[in-house]
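These are the residues of each chain, in order.
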Amino acid sequence: MNKIYPSAAAALDGIVHDGHLLAVGGFGLCGIPEALIDALRDSGAKNLTAISNNAGVDGFGLGKLLTTRQITKMISSYVGENKEFERQYLAGELALDFTPQGTLAEKLRAGGAGIPAFFTKTGVGTLVAEGKETREFDGEVYVMERALVPDVSLGKAWKADKSGNLVFRRTARNFNPAVIMAGRISVVEVEEIVETGSLDPDSIHLPGIYVHRLVLNATPEKRIEKRTTKQNPKG
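The numbers attached to residues start from 1 for each chain and follow its sequence in the written order. This being a predicted model, a pLDDT of at least 70 is required before a residue's local features are given, and a value of 80 or more before pairs of side-chain atoms are given or counted; all residues contribute to the totals for chains, interfaces and linings. Think of the side-chain values as coming from all heavy atoms in the structure, minus any hydrogens and water.

A.B. asks: Any chance you could explain the packing of aromatic side chains here in plain terms?
C.D. replies: Pairing of aromatic side chains requires ring centres within 6.5 Å, counting the rings of Phe and Tyr and the six-membered ring of Trp. Pairs whose planes differ by under 30 degrees are stacked, by over 60 edge-to-face, and all others tilted. Throughout the structure, instances matching the rule amount to two aromatic pairs. Note on Phe-119 and Phe-137: the rings are 5.2 Å apart at their centroids and 65 degrees apart in plane angle, and the pair reads as edge-to-face. Taken together, the residues Phe-119 in strand β6 (residues 117–120) and Phe-137 in strand β7 (residues 134–137) connect sequence positions 18 residues apart. Think of it in three bands: with a 1.4 Å probe and only protein chains considered, a residue is buried below 20% of the maximum accessible area for its type, exposed above 50%, and partly exposed in between. Residue classification places Phe-119 among the partly exposed residues on the basis of a relative accessible area of 26%. By way of ring pairs, the aromatic residues Phe-119, Phe-137 and Tyr-142 are connected into one cluster. Over the ring of Trp-158 we find Lys-159, and its NZ or CZ is 4.6 Å from the ring centre. By definition, any uninterrupted DSSP run of H or I lasting at least four residues is a helix, any uninterrupted run of E lasting at least two residues is a strand, and each is numbered from the N terminus. We count a charge as sitting over a ring when the NZ of a lysine or the CZ of an arginine lies within 6 Å of the ring centre and within 35 degrees of the ring normal.

A.B. asks: Help me out: how do you make sense of the pairing of strand β12 (residues 213–216) in this one?
C.D. replies: One bridge is not enough; two strands pair if DSSP finds at least two bridges between them. Pairing of strand β1 (residues 4–5) with β12 involves two bridges; the strand directions are parallel. Bridging across to β12, Ile-4 finds its partner in Leu-214.

A.B. asks: How should I be thinking about the pattern of salt bridges in this particular structure?
C.D. replies: Whenever Lys or Arg places a side-chain nitrogen within 4 Å of a carboxyl oxygen from Asp or Glu, that contact is recorded as a salt bridge. For the structure shown, the criterion picks out 17 salt bridges. A salt bridge links Arg-41 to Asp-42; its shortest N-O distance comes to 3.0 Å. Judged by its relative accessible area of 59%, Asp-42 falls in the exposed class. Here Glu-86 ties to Lys-83 by a salt bridge, and the two come within 3.8 Å at their closest N and O atoms.

A.B. asks: Before we go on, may I ask you to explain the nonpolar core in this structure?
C.D. replies: Generally speaking, a soluble globular protein has its nonpolar side chains buried in company with each other. By size, the foremost hydrophobic cluster in this structure holds 30 residues, and its most contacted members are Leu-12, Leu-40, Ile-71, Met-74, Leu-154 and Val-187. Of all the secondary-structure elements, those providing two or more residues to this core are α1 (8–12), β2 (21–24), α2 (34–43), β3 (48–51), α3 (63–67), β4 (71–76) and β9 (152–161). The element contributing the most residues to this core is α2, with four residues. Any two residues having at least one pair of non-hydrogen atoms within 4.5 Å are treated as being in contact. Ignoring any residue separated from it by four or fewer positions in sequence, one finds Leu-154 in contact with Leu-12, Ala-23, Val-24, Gly-25, Pro-33, Leu-36, Leu-40, Val-179 and Val-187. Nine residue types can take part in a nonpolar core, namely buried Ala, Val, Leu, Ile, Met, Phe, Trp, Tyr and Cys, and a core is a set of them joined through side-chain atoms within 4.5 Å.

A.B. asks: I keep staring at empty space enclosed by the protein and nothing clicks. Help me out?
C.D. replies: Any empty space left between atoms is shown by rolling a water-sized probe over those atoms. Using protein atoms alone on a 1 Å grid, points that fit a 1.4 Å probe yet trap it form a cavity, whereas open point sets bounded by protein on both sides within 12 Å along at least five of seven lines form a pocket; residues with an atom within 4 Å of a point count as lining. Grid points are joined across faces, edges and corners, and a volume is the space filled by probe spheres set on the points. The tally for this structure, following the rule as stated, stands at three cavities of 30 Å³ or more. Lining the largest cavity are Val-24, Gly-25, Gly-26, Gly-28, Ile-32, Ile-37, Ser-52, Asn-54, Ala-55, Gly-56, Gly-61 and Leu-62. Classifying every residue of the lining of the largest cavity gives five nonpolar, seven polar and no charged. Counted as a void, the second largest cavity has a volume near 40 Å³. If you trace the second largest cavity, you find it lined by Ile-32, Glu-34, Ile-37, Asp-38, Phe-60, Gly-61 and Lys-64. Element by element, the count of residues in the lining of the second largest cavity is highest for α2, at three residues. In this count, Pro and Cys sit with the nonpolar residues alongside Ala, Val, Leu, Ile, Met, Phe, Trp and Tyr, while Asp, Glu, Lys and Arg are called charged and the others, Gly among them, polar. For the lining of the second largest cavity, the per-class residue count stands at three nonpolar, one polar and three charged.

The following block contains the structure:
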């Protein structure tokens, strides 16, 4: 089975539709599938619900899809650094399912593992737990969280072989393995594709069974997030 597609647009062709639930890997701007996000924007798919730790920044990453109004709901754990996100949310134009970061990661991991739900103490007694089932274990109250199983997942890895076995690079791994595992269809953007069998089996971080489509992006922009809080007098 050939998993390699000639472009990000070709990799998304026929699998992304209006109203889909999508998961997108990355943490801030680290390890985001840049080419796939651009292709998703160009696809014109709308009324999307996006699962991602955050929504990029204004004009980059998932921020591009907020600008085009293709995302109508975010399932996220961090919503800072994006003024358009803030504006749309406060104006009632964007729905938000605010989820603790560890819970978000576990919801994706559970989805990939075939676990429909789990109990956690995180969020008990807060807005996070409103409308959710709670249960007591050993004298402690836990809230039940449902797993996430996206229609399509978009991930980013450093290297893949032709069978889709993946190697991530340092902190760019972040949410990507859980996102890729959870998707009914998972599309992964990589910087290098090598022959099957050329990767050391012990170096593979995620097996190719979770990867349905691959696209090569050898020269991603890889923006770096920087926050300046005080002008350097020596600068």
